[in-house]
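Chains, contacts and geometry: an overview
Now for the letters of each chain:
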Amino acid sequence: MDVLAVAGKPLWRDCETAFARIDELCGDNTSRLFAEPNAKEQEGGRLVVAWFSSFDEEPKQLGELDRGKRSRIESNLAARIEALRPALADREIGGTVGAMLNVADEASIVAVGENAVLTNWGVLPEEARSSRAAFVRHSEQTIGPYLPSGMSPRVPGQAWAALGGFATAGLSPPRRVIAPEATAASTQEAQSTAPARHKQSWLWPIAALSLVFAACLIYAASPGNLVYPEALPPPPTAPLVNNEEVNRSLEERIGKMKRELAKAACEADSSVLGPPLHESGGGTENGASGAARGQAPAPGSPHSLLAALDSATVLVLAPSADSLSTGSGFFVSQREILTNNHVVEGAGGTVFVASKALGRAVPARVVARSASSETGNPDFALLRVDDAPSTVRPLHLSTEIARLDSVIAGGFPSFVMSMDSTYRAILNGDTTGVANLEMVVTQGNVMAMPQGGAAKVITHSANISPGNSGGPLSDACGRAVGVNTFIVLDGGNVQKLNFSLGASDAIRFLSANGVTVAGADQPCNPATGIAAAAGPTEGPVK
């Protein structure tokens, strides 16, 4: 195995500079995902590496953890990798961070207390560098299950990618467990050279540079132990863990949701029924719904609300030089689409949007952005398409929302969409099946609307995840009351909060960029079908 090099410089050399830039772009301590190497060449040209972390607890392999803790560690790892997006998009260190996401093997991912830490990063076996297929296979067996949608490790000098989006926090993907045998030796010299930024040192797997990392395990009496495993042979493949059970459970839930949506209006929960968003013939003489006969959905039915969201919501594909970012957005006029800035900030001036209503993937120009995409600040981008069919119907925007109000989140979260063959085909460049692309909807209630931030934020219980960013948060009348933007994970209690930016900030952003939207101030009453009369109108884009 060799340490990867960017511009002729091995990743382990002066990695403190890369760590500092990562923390500058992604927030303080983001770089702590990567343990710091302290490499020493011994007699015979063998390279011995001690790995240091600023976390105080002893490291453990994921296979040593109970199911609950392993779930928390995997969630922590996915969240820490997600936080690296700004660094991956950075012109200065994007290639370096992409190369750092490669790890030698599964044993290189360890748990230190409640934190996930990578050792043997920036290293690839020679076989994994022999072809794109070998690289993708190696990535899927190591870091791949934890990669958020559109993110990939990189091989310097190659255009290979192993895109994420198939992993989910809390579920253990297929993996192999390696338990190296320890031997004792002296390590006092290695400990004395530990970098000053770390509180406690620990040594995990050894890597030997110049084609082969030799086997060597070292032990020191005080203040701790440094452990070097033997050079790792190809481990046996472990059986799939819980995947059949997980898939069966998800299929049952999806089937239940579809059955609920197929019910007549009188059988549905009135808290989620929308108003007549377009002309409808209503029910038939014998009581059968118009939707069942292929007519327009009946006013106040869940079909009416779903049809409105399906018509307006789009999948956003934002390719950059070395990755593909995916998110959501929604039409606010016949040609303009609102999304989050962080969805498209790594791309150039043109991205692509797709939906069932569009019937295909079409290019969209990025015509305006917020000043930044920092969490809690206005995080918007305005896209424009040249030609949208009449099947596209923009969403109205409403500033009338309060605690306990019912809300529905629409979008294309990669966790759910990764099981959809149409979505997977689109990510691989095949857009022939776009007409079959179905948006994901989740339902909840407004929990709180925190005050005092740079933007109005809505906390709600409609579940969102990576890929939902930029999609609409709708009230029960089919009006966009917010833009789904970020989540906060409480690793200690395995809890998650969902956040949307309020419609008032979105209206100000659109108005400043030539799209006039009249904010609706009528409360939503799904039982009577009251909705905002005012809607968006198209104006010149600055």
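This section reports on the structure supplied with the text. None of the values given here were measured: they were computed from a predicted structure. (Residues numbered from 1 in each chain as written. Predicted model: local features only at pLDDT ≥ 70, side-chain atom pairs only at ≥ 80, totals over all residues. Heavy atoms only, no water.)

1. Remarks on the pattern of salt bridges
We count it as follows: Basic side-chain nitrogens of Lys or Arg form a salt bridge, by our definition, when they fall within 4 Å of a carboxyl oxygen of Asp or Glu. Counting from the N terminus, the helices are DSSP H or I runs at least four residues long and the strands are E runs at least two residues long. Working definition: with a 1.4 Å probe on protein chains only, accessible area under 20% of the residue-type maximum means buried, over 50% means exposed, and in between means partly exposed.
With the rule as written, the count across this model stands at 13 salt bridges. One salt bridge connects Asp-505 with Arg-508, and the closest N-O pair in it is separated by 2.7 Å. With Asp-505 and Arg-508 both in helix H12 (residues 503-512) and three residues apart, the pair spans about one turn of that helix. With a relative accessible area of 53%, Arg-508 lands in the exposed category.

2. Quick look at helix H5 (residues 132-141)
What counts is decided by this rule: What makes two residues a contact is simply this: any of their non-hydrogen atoms within 4.5 Å.
Along H5, the positions that sit buried rather than exposed are Ala-134, Phe-135, Val-136, His-138 and Ser-139. Summarising the contacts, the buried residues of H5 are in contact with strand S9 (123-124).

3. Observations concerning helix H1 (residues 15-26)
As a reminder of what qualifies: Each residue after the first adds 1.5 Å to the expected span of a helix.
Its 12 residues give H1 an end-to-end C-alpha distance of 16 Å, which sits within 8% of 16 Å, the value for a rise of 1.5 Å per residue. Taken from the residues just after H1, Gly-27 is the one with a positive phi, measuring 110°.

4. Focus: the nonpolar core
Rules: Side-chain atoms within 4.5 Å link the members of a nonpolar core, which is a set of buried Ala, Val, Leu, Ile, Met, Phe, Trp, Tyr and Cys residues.
Of all hydrophobic cores here, the largest spans 50 residues; its most connected members are Ile-22, Phe-34, Ile-81, Leu-118 and Trp-121. Take this core: its biggest share by element is five residues, from H1. Residues within four places of Ile-81 in sequence aside, it is in contact with Leu-33, Leu-101, Ile-143, Tyr-146, Leu-147, Pro-148 and Met-151. Counting 41 residues, the second largest nonpolar core, distinct from the first, contains Phe-330, Phe-380, Tyr-423 and Phe-499.

5. Some words on the side chain of Ser-311
The condition is simple: Pairs of N or O atoms within 3.5 Å make up the polar contacts considered here, provided that, within protein, one atom can donate a hydrogen while the other can accept it, and that residues adjacent in sequence are counted only when both atoms are side-chain atoms.
Position of Ser-311 relative to the elements: it lies in helix H8 (residues 302-312). From its side chain, Ser-311 meets the backbone oxygen of Thr-391 in a polar contact 2.8 Å long. Discounting chain neighbours no more than four positions away, the residues touching Ser-311 are Ala-357, Thr-391, Val-392 and Arg-393.

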